[in-house]
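Working through the structure, step by step
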Amino acid sequence: MNTENVVTRFPPSPTGTLHIGGARTALFNWLFARHHNGRFILRIEDTDKARSTREDTEIIVESMKWLGLDWDEGPYFQSQRTEIYAECIKKLLSAGKAYYCHCSQEELDQRRKQAKDKGLKPKYDGKCRDLNLGKAPGAVVRLKSPLSGTINFKDLVKGVISVDTEELDDLILQRSDGSFTYNFAVVVDDSKMGITYVIRGDDHVNNTPRQILIYQALGEPLPHYAHLPMILGPDRTPLSKRHGATSVLAYRDMGVLPHALVNSLARLGWSHGDQEEFSIQELVDLFSLTHVGKSAGIFNMEKLLDLNGKYIRAEDDARLADLLLPFLADLGCSGLDKEQVKGAVRTLKPRANTLVDMAQGALFYFKAITYDKGADEKFLRPELLTILEDLLAELKIAPEFTQKGLEGVFSALLEKHQIKLGKIAQPVRVALTGKTVSPGIFEVMEVLGRENAIKRLANAISHIKGKKANG
RNA sequence: GUCCCCAUCGUCUAGCCAGGUCCAGGACAUCGGCCUUUCACGCCGACAACACCGGUUCAAAUCCGGUUGGGGACGCCA
């Protein structure tokens, strides 16, 4: 790949959220442009007025921003470019490269069906092609494409693809309502915007020969093409709502770090030897179309979560605390002490794969606890009363309420009572957190702070006494 | 139906273009172990794949042909 002018684009249609398939297409276009110091353009393809919505446009923009895929131009809206398309139609018409077709939709459907029944390709039969018809209500404009020949193009990921023009028909460029079709608008925009590399999903390979025909009719130079393999759901069918969390924002809300998602998406279809983890800069530096695979793949959720856990562990505590705050707020914790949240983050990092996990795991620090039933029965037992009361007394006078200092307090206590840590670790854990699973009890105590830790231990002691009195 | 594309562990993939160094490497998941105050983290190990059939060749995961399987397209959707 030489260092010619590289301009790529991402052209989503705002008829749904940005899902991970689209996000990966956007990512590869972005990476390719950044790698080559080129430009990356965002274009909203809203030619389908009935299905395009403003909310979806906003979701797409928000998703792109969250992923960190910044664009150099746009967003452009196809709905605002109709004069440009109309101009091109005029040119094609007067050059004899396009024509009006008066066939009604019903007629076409019927003829298509007939062709199909006869085992023929259900394509337009060219009825109006040479009739030299004029503009009329209900008429569409079709491309007058060559009757014979072969279209060859070199796909940067799939290699040479060739299609016989007989497979193609005279596709509609402008609809009877005056609006323009996808294939036409794309070509006009790509050529007007100077797009040099069209990187898109596999599902467009069949469109490419048609679009090439339009380029040729327009007399514009062709871009390079690269078609990315599809992303499939676990059932090997194309991604859809059925597959649950597929929208980019759903991953954000799940507590996935954008870096982790970007990394995962990059590794789905692209590789750099055995390397699994990449910084964004590395991705930009190393990305190349030559290492994009050809076959469709299934998005591996477990692997994303694992990677996310790794990035959480690698992330700075203070930054993580900031990221965690909104998730804690969702769980009803607000107005928290930043230092304490930071402490909580530190203790939870190794055991959280998402920010949601982490927020849930941190809840006991910030909210009143209740004892899990089984934990209560199993560990908060009367025979521990003496030791726990002794512990409480020692904690009150411990010189340093830090992980290290507390270790000292405990080892003295164990020595004194001639017991092992195993005997009281779980009871203390339950007293402090209400659960049998938590970060280490010393770090928990440190983050909780002396006052809180003492209060919880005292509560547990009176709870045990209450049980004793009643039972 | 016609055309286009694809095919390595359960999953993502390396290797394939320039055939031997591959009885196929890494990662996730799974299973075992170590560490250990719980759960994790971390570390160590195990399981597990070249879709099939032919051809070329001294030699094929790698090249060629076919078969099967999967995906896509054939819209006044994008």
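Residues numbered from 1 in each chain as written. Chains lettered and ligands numbered in written order. Predicted model: local features only at pLDDT ≥ 70, side-chain atom pairs only at ≥ 80, totals over all residues. Heavy atoms only, no water.

1. Some words on the packing of aromatic side chains
Heads up, the rule is: Each aromatic pair joins two rings of Phe, Tyr and Trp (for Trp, the six-membered one) with centres within 6.5 Å, and gets the label stacked for planes under 30 degrees apart, edge-to-face for over 60, and tilted for any other angle. Helix numbering and strand numbering both begin at the N terminus, where a helix is a DSSP run of H or I of at least 4 residues and a strand a DSSP run of E of at least 2. Burial here depends on accessible area, computed with a 1.4 Å probe over protein chains only, as a share of the maximum for the residue type. Under 20% is buried, over 50% is exposed, and the range in between is partly exposed. Whether a charge sits over a ring comes down to the Lys NZ or Arg CZ being within 6 Å of the ring centre and within 35 degrees of the ring normal.
Enumeration according to the criterion identifies 12 aromatic pairs in this entry. With a centroid separation of 6.5 Å and an interplanar angle of 65°, the aromatic rings of Tyr85 and Phe184 are classed as edge-to-face. One end of the pair, Tyr85, is in helix α3 (residues 82–94); the other, Phe184, is in helix α5 (residues 182–192), and 99 residues separate them in sequence. On the accessibility criterion, Phe184 (0% relative accessible area) is buried. Taken together, the ring pairs connect Phe28, Trp270, Phe278 and Phe287 into an aromatic cluster. Above the plane of the ring of Tyr76 lies Arg81, whose end atom (NZ or CZ) is 5.7 Å from the centre. Its end group placed over the ring of Tyr124, Arg142 keeps NZ or CZ at 3.5 Å from the ring centre.

2. Quick look at the protein's contact with RNA strand B
Going by this rule: Distances are taken per atom, and a residue is near a molecule or strand as soon as one of its heavy atoms is within 4 Å of it. A 3.5 Å cut-off defines polar contacts: any pair of N or O atoms within that distance qualifies, except that in protein one atom must be a possible hydrogen donor and the other a possible acceptor, and neighbouring residues in sequence count only when both atoms are side-chain atoms. Lys, Arg, Asp and Glu make up the charged group, whereas Ala, Val, Leu, Ile, Met, Phe, Trp, Tyr, Cys and Pro make up the nonpolar group; the residues left over, Gly among them, are polar.
Taken together, the neighbourhood of RNA strand B is formed by 59 residues, with Arg175, Gly269, Arg351, Arg429 and Ser438 sitting nearest. Between RNA strand B and Lys310, the relevant distance is 3.3 Å, taken from a phosphate oxygen to a side-chain nitrogen or oxygen of the residue. Residue composition of the surface near RNA strand B, grouped by class: 16 nonpolar, 21 polar and 22 charged.

3. So, the packing of helix α15 (residues 385–397) against helix α19 (residues 450–470)
To characterise two packed helices, one gives the angle between the axes of the helices and the distance between these axes. Here is the rule: For helices, the axis comes from a line fit to the C-alpha atoms of the stretch in contact; other axes are also lines fit to C-alpha atoms, and the angle between any two N-to-C directions lies between 0 and 180 degrees. For this classification, under 35 degrees means roughly parallel, over 145 means roughly antiparallel, 65 to 115 means roughly perpendicular, and everything else is oblique. Handedness of a crossing is defined here by the sense of rotation of the near helix relative to the far one, left-handed for an anticlockwise turn of less than a right angle and right-handed for a clockwise turn. Contact definition: two residues touch when any of their heavy atoms are within 4.5 Å.
Close contact between α15 and α19 brings their axes to 10 Å; oriented N to C, the two are set at 160°. Between α15 and α19, the angle falls in the class roughly antiparallel. For the element pair α15 and α19, the recorded crossing hand is left-handed. Of α19, the residues touching α15 (which contributes Leu385, Leu388, Glu389, Leu391, Leu392, Leu395, Lys396 and Ile397) are Arg450, Ile454, Leu457, Ala458, Ile461, Ile464, Lys465 and Lys468. Across the contact of α15 with α19, the residue classes break down as 11 nonpolar, no polar and five charged.

4. So, the sheet that holds strand β3 (residues 73–77)
Applied cut-off: Paired strands, in this sense, are two strands between which DSSP finds at least two bridges.
An order of β1-β2-β3 is seen for the three strands of this open sheet, with the pairing classed as parallel. Both outer strands of the open sheet, β1 (7–10) and β3, are each paired with one neighbouring strand and no more. Put simply, the sheet's adjacent strands are angled 25° from each other on average, direction ignored. With three bridges joining them, strand β2 (residues 39–44) and β3 adopt parallel strand pairing. The residue bridging Arg43 from the neighbouring strand is Tyr76, located in β3.

5. Structural notes on the pattern of salt bridges
This is how it is decided: Within this document, salt bridges are pairs made up of a side-chain nitrogen of Lys or Arg and a carboxyl oxygen of Asp or Glu, the two lying within 4 Å of each other.
Per the counting criterion, the structure on display carries 34 salt bridges. Counted as one network, the salt bridges with shared partners bring together Arg9, Arg43, Glu45, Arg81, Asp189 and Asp190.

6. Concerning the nonpolar core
Applied cut-off: What makes a nonpolar core is a set of buried Ala, Val, Leu, Ile, Met, Phe, Trp, Tyr and Cys residues whose side-chain atoms join them at distances within 4.5 Å.
Met64, Leu261, Tyr365 and Met445 are the most contacted members of the largest nonpolar core, which totals 106 residues. Among the elements that take part in this core, helix α1 (residues 20–35) stands out by supplying nine residues, more than any other. Those residues in contact with Met445 that lie beyond four places of it in its chain are Leu395, Phe401, Leu406, Phe410, Val428, Leu432 and Ala453. Of all hydrophobic cores here, the second largest spans 31 residues; its members include Cys88, Leu171, Phe184 and Ala217.

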